[in-house]
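If you want the building blocks of each chain, they are given just below.
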Amino acid sequence: CYASSTSLNLWAELTLEDVEKSIQKALDFYGNKLNRINLLGGEPFLAKDFKLIVKALFNRFKVGVSTNSWFVANYDPNILRLFSYIQLSVESFNPKISDEYRGDGFFYKLKSAVKCLKNIEVPFGFNITLTTDNCTRIEEEINAACEMGANQVTLSRMVPLGAGVRIIEKCISKQELEFAMNRA
């Protein structure tokens, strides 16, 4: 979603060739210390070469992905099983709030993704984006994530770029961030 907030052409499709070049540069720099790759987006599952990218990386690295959950439940389970970890992004485990941020039906998609990942035994966690709607009750959100079976919960601050520009009033202040982090 950040791609729409810049004058650069960031909408170009990431190809397997692009990934291989980037990996080679990273290997040249880090050497054999590089053993994990996390794919993130926009939405990685929308990439045309996504299956090829995952298969190519799987043989050499532990591969994780950060996703908004929309496409997980209907994705090829054989590809999903290649991931060492899947991180699902969410603002709230309250269906009304979730759907307000991510679109109608998001919470249903999130629950479907969790069910799918549990069924195929792929470790998953949540990245909770801190907003004015959840920062004062972050303990509730973390507990809900754990109740859904998360192996890990991370917190991040909403960035007012891309899709975030339309909800800039939901960005938290420094004081709200400190409050949430002290409660987490």
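Conventions used here
Counting of residues starts from 1 at the beginning of each chain's written sequence and follows it residue by residue. Restriction of local features to residues with pLDDT of at least 70 applies here, the model being predicted, together with a cutoff of 80 or more for giving and counting side-chain atom pairs; totals for whole chains, interfaces and linings are based on all residues. Side-chain metrics rest on all non-hydrogen atoms present in the structure, leaving aside hydrogens and water. For the purposes of this section, nonpolar cores are sets of buried Ala, Val, Leu, Ile, Met, Phe, Trp, Tyr and Cys residues that join through side-chain atoms within 4.5 Å. Three exposure classes are used, based on accessible area relative to the maximum for each residue type with a 1.4 Å probe and protein chains only: buried under 20%, partly exposed in between, and exposed over 50%. Only DSSP runs of H or I reaching four residues or more are called helices, and only runs of E reaching two or more are called strands; each is numbered from the N terminus. Contact criterion: two residues are considered in contact whenever any of their non-hydrogen atoms come within 4.5 Å of each other. For this analysis, a polar contact is any N or O atom pair within 3.5 Å, provided that within protein one partner can donate a hydrogen and the other can accept it, and provided that sequence-adjacent residues contribute only side-chain to side-chain pairs. Aromatic rings from Phe, Tyr and Trp, with only the six-membered ring used for Trp, were paired whenever their centres fell within 6.5 Å, and each pair was classed as stacked if the ring planes differed by under 30 degrees, edge-to-face if by over 60, and tilted otherwise. For a lysine, the NZ atom is tested; for an arginine, the CZ atom; a charge sits over a ring if that atom is within 6 Å of the ring centre and within 35 degrees of the ring normal. Along the chain, pLDDT gives the predictor's confidence residue by residue, from 0 to 100. Two cysteine sulfurs form a disulfide in these notes if their separation is within 2.5 Å.

1. Some points on the nonpolar core
In terms of nonpolar packing, the biggest core is built from 46 residues, with L39, L57, L80, F83, L88, F93 and F126 touching the most fellow members. The leading source of residues in this core is helix α5 (residues 106-119), at 7 residues. The contact partners of L80, leaving out residues within four places of it in the chain, are F45, V72, Y75, I86, C116, I120 and V122.

2. Some thoughts on the environment of T154
Within the secondary structure layout, T154 lies in strand β5 (residues 153-157). Other than its neighbours up to four places away in sequence, T154 contacts Q87, F126, N127 and I128. A distance of 2.9 Å separates polar atoms of two side chains, one belonging to T154 and the other to N127.

3. Some thoughts on the packing of aromatic side chains
Under the counting rule described, the total for this entry stands at 9 aromatic pairs. Consider the rings of F29 and Y30, whose centres lie 4.8 Å apart with planes at 85°: the pair is edge-to-face. When the centroid spacing of 4.8 Å and the interplanar angle of 75° are considered together, the rings of F45 and Y75 count as edge-to-face. Of the two residues, F45 sits in the loop between β1 (36-39) and α2 (50-58) while Y75 sits in the loop between β2 (62-67) and α3 (77-80), which places them 30 residues apart along the sequence. With respect to burial, F45 and Y75 carry one shared label: buried. Its guanidinium or amino end placed over the ring of Y75, K51 lies 5.4 Å from that ring's centre, counting from NZ or CZ. The positively charged end of R102 is found above the aromatic ring belonging to F106, 5.8 Å away from the centroid.

4. Some details on the confidence of the model for the protein
Summing up the model confidence of the protein, the mean pLDDT is 89 and the portion of residues at 70 or higher is 91%. This model gives residues 1-11 a pLDDT under 50, and the stretch forms 14 contacts once residues within four places in sequence are excluded.

5. Things to note about the state of the cysteines
Inspection of the entire model under this criterion finds 0 disulfides. Of all cysteine sulfurs, the one in C135 lies closest to C171, which takes part in no disulfide; the gap is 11 Å.

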